[in-house]
Amino acid sequence: MAFEPPERLVRALGETYGDEPAEAWLGRLPELAAQSAARRGLTVDRVQAPGGRSSLVALVRRPDGGPAALKVAPSFARPDLERAALAHWNGWGSAQLLDDDAGDDALLVERLHPEVSLRSLPEAKALLEAAGTVRRLWVEPPGGHAFETVAARTERQSVPMRAPQDPELAPLVAAALTARDELAASTPELLLLHGNFRQSKVLSGERAPWLTVGPEPLVGERAYDLARLVRDRVEDLIAAPSGASSARRRVNKLADSLDVDPARLHGWTLFRAVESGLRARAAGRHQDAELLLEFAGWL
């Protein structure tokens, strides 16, 4: 079985972590994946494509024939933190971790249905199911954890945003940074968060109708975790005649359904949309950048 990395993984690793470390790891990936599968006695069905943005995902079978998914990630993507979060959730709202630490950067997890995510549902139903799923993840973090805080992650993300910007974008970037600084200065709660929660991260399963995958775990407030969900299907929002008002209604609806301060959700949504838009722009993904920055301008 050839463990060829999907194009999305190649592109995303280079964009997020830099071309040099990404290329070095990708060159070793086929060997690392084969070793991880052999170490666990797995039979590989196929590599999932387009797959994830920080790991290769192979659909496998355990020695007893049971289905599973093997995730192989570079250490700089911190698979150890994903392992710790999945172990703490223990299948409550998330895919179940199926093995103990095997001494490598791979994770063996419950196999879900990658072709069926919440994006397959009508928007209103998808948001309802998303809200019910993500709330299960918001628990007290384990003692002595190594998870990054929302304040620390967003401070790191804000560094390139504080450099001089295109004059047309400068007011929007300044508003996003002001929102971030004010929110990070007062954290109302420190809960374990998914970190990258959106509709495509919620997949259909056998054990439960919907379970999350692909966390980038950190600790902080629920409003941060909801902020990425607000802009799901952003291309549809932008195309709609009432897109701006629909975006604001979505903020209020999600905040109300999950008892989150709408002002804080608004602020984190603004920051995360602008940060993602600038990152897409720097990577040459101009259409994505345009959509995200237009959406942010509506907020």
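This text gives an overview of the structure that appears in the document.

## Quick look at the sheet that holds strand E3 (residues 67-72)
Argument step 1. Read across the sheet, four strands follow the order E1-E2-E3-E4 without closing on themselves; strand pairing throughout is antiparallel. At either end of the open sheet lies a strand with only one pairing partner, and these are strand E1 (43-47) and strand E4 (106-110). Averaged over all adjacent pairs, the angle separating strand axes in this sheet is 30 degrees, with direction ignored.
Argument step 2. Across six bridges, the pairing between strand E2 (residues 56-61) and E3 is antiparallel. If you follow Ala58 over to E3, its bridge partner there is Leu70.

## Let's talk about the packing of helix H5 (residues 150-161) against helix H6 (residues 170-184)
Argument step 1. Viewed as axis vectors pointing N to C, H5 and H6 meet at an angle of 160 degrees, and their least axial separation amounts to 11 Å. One element, H5, and the other, H6, form an angle in the roughly antiparallel class. In the packing of H5 onto H6, the handedness of the crossing is left-handed. When H5 is examined against H6, the residues Ala151, Thr154, Glu155, Ser158 and Met161 are found in contact with a partner set consisting of Val173, Ala176, Leu177, Arg180 and Ala184.

## A few points about the side chain of Ser246
Argument step 1. Secondary-structure assignment places Ser246 in helix H9 (residues 243-257).
Argument step 2. A distance of 3.1 Å separates the side chain of Ser246 from the side chain of Arg249, its partner in a polar contact.

## Digging into the packing of aromatic side chains
Each aromatic ring pair is characterised by the separation of its centres together with the angle its planes make.
Argument step 1. The final tally for this structure, using the stated rule, is three aromatic pairs.
Argument step 2. Here the aromatic rings of Tyr224 and Trp268 are separated by 5.4 Å at their centres, their planes lie at 85 degrees, and the arrangement is edge-to-face. On the criterion of sequence distance, the pair formed by Tyr224 in helix H7 (residues 222-230) and Trp268 in helix H10 (residues 262-282) is long-range, its members being 44 residues apart.
Argument step 3. The exposure class of Tyr224 is buried, given its relative accessible area of 1%.

Reading the values: rules and limits
- Residues numbered from 1 in each chain as written.
- Predicted model: local features only at pLDDT ≥ 70, side-chain atom pairs only at ≥ 80, totals over all residues.
- Heavy atoms only, no water.
- Pairing = 2+ DSSP bridges.
- Helix = DSSP H or I, 4+ residues; strand = E, 2+ residues; numbered from the N terminus.
- Axes fitted to C-alpha atoms, helices over the stretch in contact; angles between N-to-C directions.
- Parallel < 35°, antiparallel > 145°, perpendicular 65-115°, else oblique.
- Left-handed = near helix turned anticlockwise from the far one by under 90°.
- Contact = heavy atoms within 4.5 Å.
- Polar contact = N/O pair within 3.5 Å; in protein donor to acceptor, adjacent residues only side chain to side chain.
- Phe/Tyr/Trp six-rings, centres within 6.5 Å; stacked < 30°, edge-to-face > 60°.
- Buried < 20%, exposed > 50% of the residue type's maximum accessible area, 1.4 Å probe, protein only.

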